Number of protein chains: 2
Amino acid sequence: MKTSLTDELRAAGKRMTRTRKAVLVVLEASQFPLSATELYTQLTNGNVAIDLVTVYRNLTALKELGMVTQLELHQEGQFRYEIKEGREHHHHIRCKICGRIVDLLLCPLKKLTALIEQETRFVVGDHSLEFSGWCPKCQ
Amino acid sequence: MKTSLTDELRAAGKRMTRTRKAVLVVLEASQFPLSATELYTQLTNGNVAIDLVTVYRNLTALKELGMVTQLELHQEGQFRYEIKEGREHHHHIRCKICGRIVDLLLCPLKKLTALIEQETRFVVGDHSLEFSGWCPKCQ
DNA sequence: ACGCTAGTGCAAGTCTCTTGCAAATAACAT
DNA sequence: ATGTTATTTGCAAGAGACTTGCACTAGCGT
């Protein structure tokens, strides 16, 4: 993990603590976005002493600093979190059977945004676009 | 509300009950997708005696029959429900300030689906695409 | 090394949604 | 109409994700 993250935190009056570092390391290593519980389980299994509450509080803090993205996959009913550092804006597809989550490397929505703003007079901020389906193994 | 809905229910071994009808009427009248709690509040204010549990159970049943769509708006952390009858497949935008929800009449994802299936070898089932931003009044 | 303040753990609470069970009622047969 | 039965309902309780209060701990700036 880059030391720049520590500096970034410090600049925002935050500290790079033992637990916060552990959260960042696990998020950085993950190939797919993690829920708070999954993150907690991975930390605990990796012998990091941490409370679930602390996981939530860190995720919230990191989200507010823009270091982590919070997302909701299609109809999952919970939030997942992903490191932003070094990753392009992207979306996901999740298998309805086994739950496997895969990154999609495209986002077709730049043009659409202008259209929506024209149509609704809203100013578009964020969007979420998540797919579900059946992965190769579960078909 | 059309009587065909009653027939549709009956064909599936379900009954058109007092409460179920009330749920459908409120959903049909709503200009935007409702959460279970909002639906419950509207029913109660409209002097329909109903339990929140019954609202949930009806929404689940209607969803399974394909008469109602369940959706999650961007980062809202709860489900919303919408009547399918007579409405095209569409998406939504929600104001980050006042929570106002507006339908979007376009879905740009038909072409994209083929691309995703090619890229991931998944079979694409559903997708959710929801925007958030700032509505005209809140800008 | 000290002190201030952010961060943490524990307990308890909130909110959304689900389940178990006995009583009520819609649909159907007689 | 009346009875039968399976669906539906209400109430109580529970599950799961997430939040809050508070006293204690520990970064990190001096």
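What this report covers is the structure whose coordinates are included nearby.

What counts and how
- Residues numbered from 1 in each chain as written.
- Chains lettered and ligands numbered in written order.
- Predicted model: local features only at pLDDT ≥ 70, side-chain atom pairs only at ≥ 80, totals over all residues.
- Heavy atoms only, no water.
- Near = heavy atom within 4 Å.
- Polar contact = N/O pair within 3.5 Å; in protein donor to acceptor, adjacent residues only side chain to side chain.
- Helix = DSSP H or I, 4+ residues; strand = E, 2+ residues; numbered from the N terminus.
- Nonpolar A, V, L, I, M, F, W, Y, C, P; charged D, E, K, R; others polar.
- Least-squares fit on C-alpha atoms with pLDDT ≥ 70 in both.
- Contact = heavy atoms within 4.5 Å.

Taken together, 22 residues lie near DNA strand D, and Tyr-56 of chain A together with Thr-19, Arg-20, Thr-54 and Arg-57 of chain B sit nearest. In DNA strand D, atoms within 4 Å of the protein come from the sugar-phosphate backbone in 65% of cases. Between Arg-15 of chain A and DNA strand D, the recorded distance is 2.9 Å, taken from a side-chain N or O atom to a base nitrogen. Interatomic distance of 2.8 Å between a side-chain N/O atom of Thr-17 of chain B and a phosphate oxygen of DNA strand D. If you list the elements that add at least two residues to the surface near DNA strand D, you get α4 (52-64) of chain A together with α2 (18-29) and α4 (52-64) of chain B. It is α4 of chain B that provides the largest number of residues to the surface near DNA strand D, a total of four residues. Taken together, the residues of the surface near DNA strand D break down into seven nonpolar, six polar and nine charged.

What follows concerns the relation of the copies chain B and chain A. Each copy superposes on the other: chain B lies on chain A with an RMSD of 0.1 Å after a rotation of 180° and an axial shift of 0.0 Å. Taken together, the turn and the small shift mark the pair as related by a two-fold rotation axis. The position closest to the rotation axis in chain B is occupied by the C-alpha of Leu-129 of chain B, lying 2.1 Å away. Comparing interface residues between copies, 100% of those in chain B also lie at the interface in chain A; the contact surface is shared.

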